[in-house]
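Spelled out from the first residue to the last, the chains are:
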Amino acid sequence: MANFDEDSITMAVAAGLNALNGKNPTVVDGVFLASTTMPYKERLNSGIVATALGLGEEIHTADFSGGLKAGTGALLSAVDAVASGRLNNVVVTAAESRLGKPASPQELIFGDAAAAFMVGNDNVIAEFKGAYSLSYDFTDHYRGKDAIYDRQWEDRWIRDLGFDQFIPQVVNGLLEKLDLKINDFAKIIYDCHYSAARKKLNKMLGIAPEADQSNFQIEIGQSGTAQSLLMLASALETANPGDKILVVSFGSGCDALCFEATENISDHQNAGTISAALADKTELDNYTKYLVWRDILPIDAGLRSEEDVWTRWSALWRSQKMVLGLWGSKCKKCGTLQLPPQKICVNKDCGAVGEMEEYRFADKIGHVASFTGDMLAASTNPPAVYGQVEFEGGGKMMFDFTDCSLDDLETGMAVSMSFRRKFYDEKRGISGYFWKAVPTKEVK
């Protein structure tokens, strides 16, 4: 499950930063986001992701939604855009945080997750070989426009008509189209959380046990649009050059995609891996907290929570790059870093006016200068923990601390920046975002 200050946008940003992995953001000219749980129905969610990733304005952004195979739909659209020459490098993200009613089967099997890939022509680690798609108005899981919780039709219907028919149809269609056999694939990915149905499908399709990739049902849960991309990211961790990988998504039909690992695969298997993310998990053994964090159980957060603070969109626009991208400034005269950005250099020995260039702090390591735990502040995870973070070379600002407890913090410790939900305005349906500080394992 995602933390109390995470949602599909923040998870997509985290996955997107892993996908970029230090690459020059100026080479990216497209960002696609797939999700059925986007925070905004009318505001381009991928536009928020692109800004948080530190990308420029001259970029193509698009949201993909409506069905659980939207993740592979976004990936195929990116592949087509790059192949046509219209775009050069596209970051494709898929993120999901679906809700099931308390004690429902959906609550038991759903998991929050995100995955992201860079699609381009340079230093390719997995080459796209072809795809085959099916579209069916098959109602298994569904949510109306005002619904909060996922609903589903009965399991037998989903298993016997959905998985048992659509997955073989799309797999056989791809094999025939590409003139391949199922045993040509070293790794086979398909989404089906029914264990008995998986065994039946493996036997029906002739999938060898060593080729069948884990769906992470125990470790993560069913993660909607991110599911197939998550499994693909995991498969690439152990792929060898020349391995063919079959990726199948399911939801309102199916997509089947074929990739082949290249000689470059070994150079990218230690960056932002699924196994590293799972190893960094924190257990939550308090079900009540989960209900509160997902707005299922109402709470009284105190008088301070009753303050009505409007989102001033014009003010956010003027500070957008700082708020969403954590851009500060760097003095061209003396090199002093400054956050928030300044027009006059704060270095007392410089004081240059109008000599600033933009400088991004989101990917820099800071250190805790001070911190406090506030039991009076409105919070769904009290105490609210915040303090001053100082960056090497200059730049000092107040941040919330997250993914930690008050006891985990000490002055001088290293922190990294993580894009999170700062607030939710329930009256107006507004999710507000900013960067928070997360303790790292880096030594002081």
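For the structure itself, look to the data block above.
Rules behind the numbers
Residues numbered from 1 in each chain as written. Predicted model: local features only at pLDDT ≥ 70, side-chain atom pairs only at ≥ 80, totals over all residues. Heavy atoms only, no water. Helix = DSSP H or I, 4+ residues; strand = E, 2+ residues; numbered from the N terminus. Rg over C-alpha atoms; globule rule 2.2 N^0.38 Å. Buried < 20%, exposed > 50% of the residue type's maximum accessible area, 1.4 Å probe, protein only. Contact = heavy atoms within 4.5 Å. Areas by Shrake-Rupley, 256 points an atom, 1.4 Å probe, with all protein chains shown as cover. Lys, Arg positive; Asp, Glu negative; His and termini not counted. Charge placed at Lys NZ, Arg CZ, Asp CG, Glu CD. Pairing = 2+ DSSP bridges. Right-handed = clockwise from strand over helix to strand, strands pointing away. Expected span 1.5 Å × (residues − 1). Polar contact = N/O pair within 3.5 Å; in protein donor to acceptor, adjacent residues only side chain to side chain. Axes fitted to C-alpha atoms, helices over the stretch in contact; angles between N-to-C directions. Parallel < 35°, antiparallel > 145°, perpendicular 65-115°, else oblique. Left-handed = near helix turned anticlockwise from the far one by under 90°. Nonpolar A, V, L, I, M, F, W, Y, C, P; charged D, E, K, R; others polar. Phe/Tyr/Trp six-rings, centres within 6.5 Å; stacked < 30°, edge-to-face > 60°.

A. Spotlight on the overall build of the chain. Within the chain one finds 11 helices and 19 strands. Expected size for 444 residues packed as a compact globule is a radius of gyration near 22 Å; at 23 Å, the chain falls within 12% of this value. Projected onto its principal axes, the C-alpha coordinates of the chain cover approximately 75 × 50 × 40 Å. Every one of the 444 residues in the chain was classed for burial, and the buried ones make up 51%. Pairs at least 24 apart in sequence give 69% of the contacts found in the chain among residues at least 6 apart. Element-wise, carbon and sulfur atoms account for 50% of the exposed surface of the chain, whose accessible area totals about 22,100 Å². In the chain, 44 positive and 59 negative side-chain charges are present, and the distance between their average locations comes to 3 Å.

B. Structural view of the pairing of strand E2 (residues 60–64). Relative to E2, strand E1 (residues 30–34) runs parallel, the two being bridged by 5 bridges. Note that in E2 the partner of Leu33 across the bridge is Asp63. Handedness of the β-α-β unit built from E1, helix H2 (residues 45–52) and E2 comes out right-handed.

C. Summary view of the pairing of strand E3 (residues 90–96). E3 sits mainly inside the fold: 7 of its 7 residues count as buried. Neither face of E3 is exposed, since Val90, Val92, Ala94 and Glu96 on one face and Val91, Thr93 and Ala95 on the opposite face are all buried. Pairing geometry for E1 and E3, over 5 bridges, is parallel. Bridging from a neighbouring strand, Ala34 pairs with Ala94 of E3. Pairing analysis gives 7 bridges linking E3 to strand E4 (residues 113–119), with the strands arranged antiparallel.

D. Quick peek at helix H1 (residues 8–20). Taking 1.5 Å of rise per residue, the 13 residues of H1 would be expected to cover 18 Å, and the 18 Å separating its terminal C-alpha atoms lies within 8% of that figure. Within H1, 10 of the 13 residues are buried, which leaves it mostly tucked inside the rest of the structure. Taken as a whole, H1 has its buried residues at Ser8, Ile9, Thr10, Met11, Ala12, Val13, Ala15, Gly16, Ala19 and Leu20. Contact partners of the buried residues in H1: E1, H2, E3, E4, strand E18 (414–425) and strand E19 (430–439). Between the side-chain oxygen of the N-cap and the backbone nitrogen of Ile9 there are 3.0 Å, and the N-cap of H1 in question is Asp7.

E. Fine view of the packing of helix H5 (residues 155–178) against helix H6 (residues 195–205). Between H5 and H6, whose axes approach to 11 Å, the crossing angle comes to 30 degrees. Classified by the interaxial angle, the pair formed by H5 and H6 is roughly parallel. The crossing of H5 and H6 is right-handed. Facing Arg159, Phe163, Asp164, Ile167, Pro168, Val171 and Asn172 of H5, the residues of H6 in contact are Ala197, Lys200, Leu201, Met204 and Leu205. Residue classes in the contact of H5 with H6 are distributed as 8 nonpolar, 1 polar and 3 charged.

F. Examining the sheet that holds strand E5 (residues 126–135) more closely. Taken in spatial order, the 4 strands make up an open sheet running E5-E10-E9-E8, and their pairing is mixed. The open sheet terminates on both sides in strands that have one partner only, identified here as E5 and strand E8 (187–190). Neighbouring strand axes in the sheet, compared pairwise and without regard to direction, differ in orientation by 10 degrees on average. Together, E5, E8, strand E9 (244–250) and strand E10 (253–261) form the strand contacts of H5, whose direction differs from that of E5 by roughly 130 degrees.

G. Representation of the sheet that holds E3 within the structure. Taken together, 4 strands build an open sheet; the order of strands is E2-E1-E3-E4 and the sheet is mixed. In this open sheet, the two edge strands, each paired with only one partner strand, are E2 and E4. Across the sheet, the axes of successive neighbouring strands diverge by a mean angle of 15 degrees, strand direction being ignored.

H. Structural detail: the packing of aromatic side chains. A complete count under the given rule lists 16 aromatic pairs for this structure. Arranged with centres 4.5 Å apart and planes meeting at 15 degrees, the rings of Tyr136 and Phe166 form a pair that is stacked. Taken together, the residues span a long stretch of sequence, with Tyr136 in the loop between E5 and strand E6 (141–142) and Phe166 in helix H5 at a distance of 30 residues. Where Phe163 meets Tyr194, the ring centres are 5.9 Å apart and the plane angle is 70 degrees; that geometry is what we call edge-to-face. Taken together, the residues Phe163 in helix H5 and Tyr194 in the loop between E8 and H6 connect sequence positions 31 residues apart.

I. A look at the packing of H1 against H2. Interaxial distance between H1 and H2 falls to 9 Å at its minimum, and their mutual angle equals 40 degrees. Here H1 lies oblique to H2, going by the angle between them. Of the two elements, H1 crosses H2, and the hand of that crossing is right-handed. Within the contact between the two elements, H1 uses Ile9, Ala12 and Val13 and H2 uses Asn45, Ile48, Val49 and Ala52. Among the residues forming the contact of H1 with H2, the class breakdown is 6 nonpolar, 1 polar and no charged.

These figures capture arrangement, not role.
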